[in-house]
Amino acid sequence: MPKEPPYLRIAGDIRRRIAAGELAPGDRVPSTRRITQEWGVAMATATKALAALNQEGLVRAVPGVGTVVAESGRARPAAPQHRLTRDRIVHAAIALADVEGLPALSMRRIATDFGVSTMALYRHVPSKGELVRLMSEAVFEGAPSGPCPAGWRARLEREVRWLWALYLRHPWMARAMSALTRPTASPHAMRYTERALSALKGLGLTPTQMIYVHLTLLGYAQGIAAAVELESQAWQETGMTPEEWMASHETRMESIQTAGSYPTLSTLFGDEEFDLELGTLFVFGLERLLDGVEALVERARAS
């Protein structure tokens, strides 16, 4: 009998812990770094083990937490083919992309999760490109809650923060949307554009300036969100949290900084610790951009 691959043996051990209740839904499972230490395997093997459990639906990646036991604690049930609808396919694809990223999305993968043939999906969605468009359209449905604030700046800030929250819930959106170069006809996304432009209406800006302000803010949110998606993918591939990754590179970073080649950077904080948090960076940059828009509005009104 051929010997079981190491990654399957590791996945089996973790699976048994979940089945026995040693790891409850929401509990963190061993990270890839912990697996390499506990089972004495390479990082690639550890990553493959977690990927196998994720494929079964037993675990899921949670940004800011790590890989945890899925709420169901069991593999995804197959769905009968007669219950297959375009709406169910789209929402299943969103759920998959939210956890594993857009590269993991394929028509074959969604068909496997539903327990149907790939051709069965094509009867509802003609292509992967169309599926991603439908996913984006579904995600953009809705609007900021609560009463609309007074003043153009507060209204515009609320819209961009709403967009940022959307990207945090669905990091793959940063890659899926091409609003700056090749926008697609998306009624729900265009409602966001309409709300942003209406906040700028009547301020003395030209139509071109209004569009540029909207696209600048959109591009800024999308750019920072792309870093969120990259971090999510790195987490999936390595199983290491940002803190674990930084710790593994700490010695090398210190040797570079103490070499004297970067005198400003190496002495910038001294004993003060700097922790780059993308949400804080987003708010800081958004405030500075809105300061610039305010200056533009003041000049338009003065002229």
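Each value, and the rule that gives it
- The residue numbering used here restarts from 1 in each chain and proceeds along that chain's sequence as written.
- Residue-level local features of this predicted model are given only where pLDDT is at least 70; pairs of side-chain atoms are given and counted only at 80 or more, and the full residue set underlies all totals for whole chains, interfaces and linings.
- Side-chain metrics in this entry use all non-hydrogen atoms of the structure; hydrogen atoms and water are not considered.
- Axis definition: a line fitted to C-alpha atoms, over the contacting stretch in the case of helices. Angles run 0 to 180 degrees between N-to-C directions.
- Put simply, DSSP marks the helices as runs of H or I at least four residues long and the strands as runs of E at least two long, and each gets a number from the N terminus on.
- For classification, angles of less than 35 degrees are called roughly parallel, those exceeding 145 degrees roughly antiparallel, those between 65 and 115 degrees roughly perpendicular, and all remaining angles oblique.
- Contacts are residue-level and defined by heavy atoms, with any inter-residue pair within 4.5 Å sufficient.
- Under this grouping Gly is polar, as are all residues other than the nonpolar Ala, Val, Leu, Ile, Met, Phe, Trp, Tyr, Cys and Pro and the charged Asp, Glu, Lys and Arg.
- What counts as a ring pair is set by centres within 6.5 Å for rings of Phe, Tyr and Trp (its six-membered ring), and what kind of pair is set by the plane angle: stacked under 30 degrees, edge-to-face over 60, tilted for all other angles.
- Accessibility here uses a 1.4 Å probe with only protein chains present; expressed as a share of the type maximum, an area under 20% marks a residue as buried, one over 50% as exposed, and anything in between as partly exposed.
- Counting as a charge over the ring demands two things of the Lys NZ or Arg CZ atom: a distance within 6 Å of the ring centre and an angle within 35 degrees of the ring normal.

## Some remarks on the packing of helix 4 (residues 86–100) against helix 5 (residues 107–114)
For the pair helix 4 and helix 5, the least separation of the axes is 10 Å and the interaxial angle reads 110°. Relative to helix 5, the element helix 4 is oriented roughly perpendicular. Residues Arg88, Ile89, Ala92, Ala93, Leu96 and Glu100 of helix 4 form the contact with helix 5, whose own contacting residues are Arg109, Ile110 and Phe114. In the contact of helix 4 with helix 5, the residues fall into 6 nonpolar, no polar and 3 charged.

## Considerations on the packing of aromatic side chains
In the structure shown here, the tally under the stated rule is 4 aromatic pairs. Ring centres 6.0 Å apart and planes at 20° place the aromatic pair tryptophan 162 and tyrosine 192 in the stacked group. Of this pair, tryptophan 162 sits in helix 8 (residues 152–169) while tyrosine 192 sits in helix 10 (residues 187–200), placing them 30 residues apart in sequence. For the pair formed by tryptophan 162 and tyrosine 192, the shared burial category is buried. Of the aromatic side chains, those joined through ring pairs into one cluster are Phe140, Trp162 and Tyr192. Just above the ring of tryptophan 162 sits the side chain of arginine 195; from NZ or CZ to the centre is 4.9 Å.

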